[in-house]
Amino acid sequence: MQDHMHDPVWRQALAGSQMLFVAFGALVLMPLITGMDPNVALFTAGLGTLIFHLVTRNQVPVFLASSFAFIAPILAAQGEFGLPATLGGLVAAGVVYMLLSLGVKLRGTGFIDRLLPPVVIGPVIMSIGLGLAPVAANMAMGKAGDASAQLVPYDTALMISLPALITTLVVAVVGRGLLRLVPILAGVFVGYLLAWWLGVVDFSGVAAAPWLAVPNFVAPEFHWGAILFMLPVAIAPAIEHIGDVLAIGTVTGKNYLHKPGLHRTLLGDGLATSAAGLFGGPPNTTYSEVTGAVMLTRNFNPRVMLWAAAVAIVLAFIGKFGAALQSIPVPVMGGILCLLFGSIAVVGLNTLIRHQVDLSEARNLVIVAVTLTFGIGGMVIGAGDVSLKGISLCGIAAIVLNLVLPGGSSWRQSSRPVEP
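Because the structure is a prediction, the values reported are computed rather than measured.

K.L.:
I tried to follow the overall build of the protein on my own but got confused; where do I start?
P.N.:
Scanning the protein for helices and strands turns up 20 helices and four strands. Here the C-alpha atoms of the protein give a radius of gyration of 21 Å, agreeing with the 22 Å that 2.2 N^0.38 yields for 420 residues. Put simply, of all contacts in the protein between residues at least 6 apart along the chain, 82% involve residues at least 24 apart. Total accessible area computed for the protein in this model is approximately 17200 Å², and 69% of it derives from carbon and sulfur atoms. Of note, the protein has its 19 positive side-chain charges centred 12 Å away from the centre of its 17 negative side-chain charges.

What follows is the structure, given as structure tokens:
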């Protein structure tokens, strides 16, 4: 392994730009789906990464950016409470990470294992992915995510979304080297070209946008309904965070759960998510794509991520860049999301398989069945401001069922969790 720790600055900056390039597709797609400003998302991804590295003393080579787990709850909360109140809920979601971090510091990592075993986490993550499936399908067919309007004619939309999806699939499966890490970008590129050729792209926004502009920051408002709605959603990404920290440790050969410690990485992620909410950006999470890039380039120098963050912050102030991103037509994103949302569900499924959760056991079957139905079916409990639904409801249902039903430790006796 080459030593990248003492690379010249220009090489670190170049490597950082490459890491941002890998994260870029998902980073911008998330705010575009939820109606947030992609420039703000770039700014908060950069800011969040810097905060994370400050808290963890620049020891873990990870990049933080927009979390897909929050798409469904953000869409639902925006419809009900508006964007500022939704952002207040996201700030509160960051606080959940901080509380988990405190729990880990006081009690060790074991309590997360007890509170959130795979039988709880698996179906919650599956619900997030499968619950979003209609949004992906609607967008691929040229409709708005909630099917309220036909934005692009159906036939034209399929001529854009299916090639975009196929490109993403092919690059992900057959691609070699760095190309394999940017299937989303490849799909966007092909879809955008087709959309432009078919006359669906509107460039007027790009022409009107200034070269330099301050991103459209939005201040949060704190509203109990939105906060209660968002809090449980933070649980699944917090677990995903632990998986990512283990994964990057496997790649670099270091145990980050001990140094800098899981409590520090969770705290860094929580502060990054809350900071993003304060500026009007999507919540942050550690990016697995970037872990893949670290593995491929063998560049384990955490300073590279600081460069990636700096480049993201600079791009956030280029007005025309954001306008160009917002000109990406709906079917382009829809095609790619058919794969992305499905793969979120597969992560949940893999959680159950990897930990060998026995679903023939009544207890496990009940937890998974109820969680999936509540999460995907749109079950609502309560009314008005204090109602629980969607991911928040299924997350709480899974945790409560796991704590209440007898025989909670049985999955642990059959096998210890296998490290990712």
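K.L.:
Is there a simple way to think about helix H18 (residues 362-377) in this case?
P.N.:
Working note: α-helix, 3.6 residues per turn, so residues spaced by three or four point in the same direction. The terminal C-alpha atoms of H18 lie 21 Å apart, and with 16 residues this matches the ideal 22 Å at 1.5 Å per residue to within 8%. Where H18 is concerned, the buried positions are Arg-363, Asn-364, Ile-367, Val-368, Thr-371, Leu-372, Phe-374 and Gly-375. Phi turns positive, to about 80°, at Gly-378, one or two residues after H18.

K.L.:
It is not clear to me how the nonpolar core should be interpreted in this structure. Could you clarify?
P.N.:
Soluble globular proteins: nonpolar side chains tend toward being buried together. In terms of nonpolar packing, the biggest core is built from 114 residues, with Phe-63, Phe-68, Leu-337 and Phe-341 touching the most fellow members. Considering every element that reaches this core, the biggest residue donor is helix H1 (residues 9-34), with 13 residues. If we ignore the near neighbours within four places in the chain, the residues touching Phe-341 are Ile-33, Phe-68, Ile-71, Gly-129, Leu-132, Val-135 and Ala-136.

K.L.:
Please clarify how the packing of aromatic side chains should be interpreted in this entry.
P.N.:
For any pair of aromatic rings, the description rests on two quantities: the centre-to-centre distance and the angle between the ring planes. Enumeration according to the criterion identifies eight aromatic pairs in this entry. Relative to Phe-217, the ring of Phe-43 has its centre 5.0 Å away and its plane inclined at 65°; by these criteria the two rings are edge-to-face. Here Phe-217 lies in the loop between helix H10 (204-208) and helix H11 (224-230) and Phe-43 lies in helix H2 (residues 38-55), a separation of 174 residues in the sequence. Note on Phe-43 and Phe-279: the rings are 5.3 Å apart at their centroids and 65° apart in plane angle, and the pair reads as edge-to-face. Residue Phe-43 is located in helix H2, and its partner Phe-279 is located in helix H13 (residues 257-279); the two are separated by 236 residues in the primary sequence. Taken together, the ring pairs in this structure connect Phe-43, Phe-217, Phe-279 and Phe-317 into an aromatic cluster.

K.L.:
What is the right way to look at unusual backbone geometry in this model?
P.N.:
Working note: non-glycine residues mostly have negative phi, and peptide bonds are mostly trans. The residue after Lys-259, namely Pro-260, is reached through a cis peptide bond having omega 10°. Tracing the backbone through its elements, the reader meets Pro-260 in helix H13. One non-glycine residue, Arg-57, lies in the positive phi region at around 55°. By the secondary structure assignment, Arg-57 is in the loop between H2 and strand E1 (64-66).

K.L.:
Please explain helix H7 (residues 133-140) as it appears in this structure.
P.N.:
Considered for burial, the residues of H7 that qualify are Val-135, Ala-136, Asn-138, Met-139 and Ala-140. Along its buried surface, H7 packs onto H1, helix H3 (71-81), helix H8 (154-174) and helix H17 (330-354). Count one or two residues on from H7 and you reach Gly-142, which has phi positive near 85°.

K.L.:
Even after reading the chapter, I still don't get the environment of Ala-236, so can you show me in this structure?
P.N.:
For Ala-236, the location among the structural elements is in helix H12 (residues 235-252). Placed 97 residues apart in sequence, Ala-236 and Met-333 show a C-alpha to C-alpha distance of 24 Å. Ignoring sequence-local partners within four residues, the contact set of Ala-236 consists of Val-124, Ile-125 and Ile-128.

K.L.:
Explanation requested: the layout of surface pockets in the structure shown.
P.N.:
If you add up the space inside the second largest pocket, you get close to 600 Å³. Ranked by the residues each element gives to the lining of the second largest pocket, the list is headed by H3, at four residues. Grouping the amino acids of the lining of the second largest pocket by side-chain chemistry returns 17 nonpolar, seven polar and two charged.

K.L.:
Before we go on, may I ask you to explain the packing of helix H6 (residues 118-131) against helix H19 (residues 390-404) in this structure?
P.N.:
Each packed pair of helices is defined by two parameters, the angle between the axes and the distance between the axes. Viewed as axis vectors pointing N to C, H6 and H19 meet at an angle of 165°, and their least axial separation amounts to 9 Å. Viewed along their axes, H6 and H19 adopt a mutual orientation that is roughly antiparallel. Where H6 crosses over H19, the two elements pack in a sense that is right-handed. On the side of H6, the interface is formed by Val-119, Val-120, Val-124, Ser-127 and Ile-128, while H19 contributes Ile-391, Cys-394, Gly-395, Ala-398, Ile-399 and Asn-402. The class makeup of the residues in the contact of H6 with H19 is eight nonpolar, three polar and no charged.

K.L.:
It is not clear to me how a nonpolar patch on the surface should be interpreted in this structure. Could you clarify?
P.N.:
A surface patch of nonpolar side chains, amounting to about 530 Å² of accessible area, comprises Leu-162, Ile-166, Leu-169, Val-170, Val-173 and Val-174. Looking at the element boundaries, Val-174 is found in helix H8. Note on Val-174: relative accessible area 53%, which makes it exposed.

K.L.:
Is there a simple way to explain the confidence of the model for the protein in this structure?
P.N.:
A low pLDDT means the predicted coordinates there should not be read in detail. Residue-level pLDDT values for the protein average 87, and 95% of them are 70 or greater. For the protein, per-element mean pLDDT is lowest for helix H20 (residues 410-414), which scores 46, and highest for H2, which scores 96. Counted against residues more than four places away or in other chains, residues 410-420, with its pLDDT under 50, gives 20 contacts.

K.L.:
Sorry, what's going on with the side chain of Asp-37 here?
P.N.:
Among the secondary structure elements, Asp-37 is positioned in the loop between H1 and H2. Although Asp-37 lies buried, it forms no salt bridge, and the closest oppositely charged side chain, Lys-320, sits 15 Å away as judged by the N-O distance. With sequence-adjacent residues up to four places away left out, Asp-37 is seen in contact with Pro-31, Asn-216 and Gln-326.

K.L.:
What should I look at first to understand the environment of Leu-228 in this one?
P.N.:
As for its position among the elements, Leu-228 is in helix H11. Leu-228 sits 58 residues away from Thr-286 along the chain, and the two C-alpha atoms are 24 Å apart.

Conventions adopted
- Residues numbered from 1 in each chain as written.
- Predicted model: local features only at pLDDT ≥ 70, side-chain atom pairs only at ≥ 80, totals over all residues.
- Heavy atoms only, no water.
- Helix = DSSP H or I, 4+ residues; strand = E, 2+ residues; numbered from the N terminus.
- Rg over C-alpha atoms; globule rule 2.2 N^0.38 Å.
- Contact = heavy atoms within 4.5 Å.
- Areas by Shrake-Rupley, 256 points an atom, 1.4 Å probe, with all protein chains shown as cover.
- Lys, Arg positive; Asp, Glu negative; His and termini not counted.
- Charge placed at Lys NZ, Arg CZ, Asp CG, Glu CD.
- Expected span 1.5 Å × (residues − 1).
- Buried < 20%, exposed > 50% of the residue type's maximum accessible area, 1.4 Å probe, protein only.
- Core = buried A, V, L, I, M, F, W, Y, C linked by side-chain atoms within 4.5 Å.
- Phe/Tyr/Trp six-rings, centres within 6.5 Å; stacked < 30°, edge-to-face > 60°.
- 1 Å grid on protein atoms, 1.4 Å probe; cavity = no way out; pocket = protein on both sides within 12 Å on 5 of 7 lines; lining within 4 Å.
- Points joined across faces, edges and corners; volume = space filled by probe spheres on them.
- Nonpolar A, V, L, I, M, F, W, Y, C, P; charged D, E, K, R; others polar.
- Axes fitted to C-alpha atoms, helices over the stretch in contact; angles between N-to-C directions.
- Parallel < 35°, antiparallel > 145°, perpendicular 65-115°, else oblique.
- Left-handed = near helix turned anticlockwise from the far one by under 90°.
- Patch = residues over 30% accessible without salt bridge, like charges linked within 9 Å, V, L, I, M, F, W, Y side chains within 5 Å.
- Salt bridge = Lys/Arg side-chain N within 4 Å of Asp/Glu carboxyl O.
- pLDDT = per-residue confidence, 0-100.

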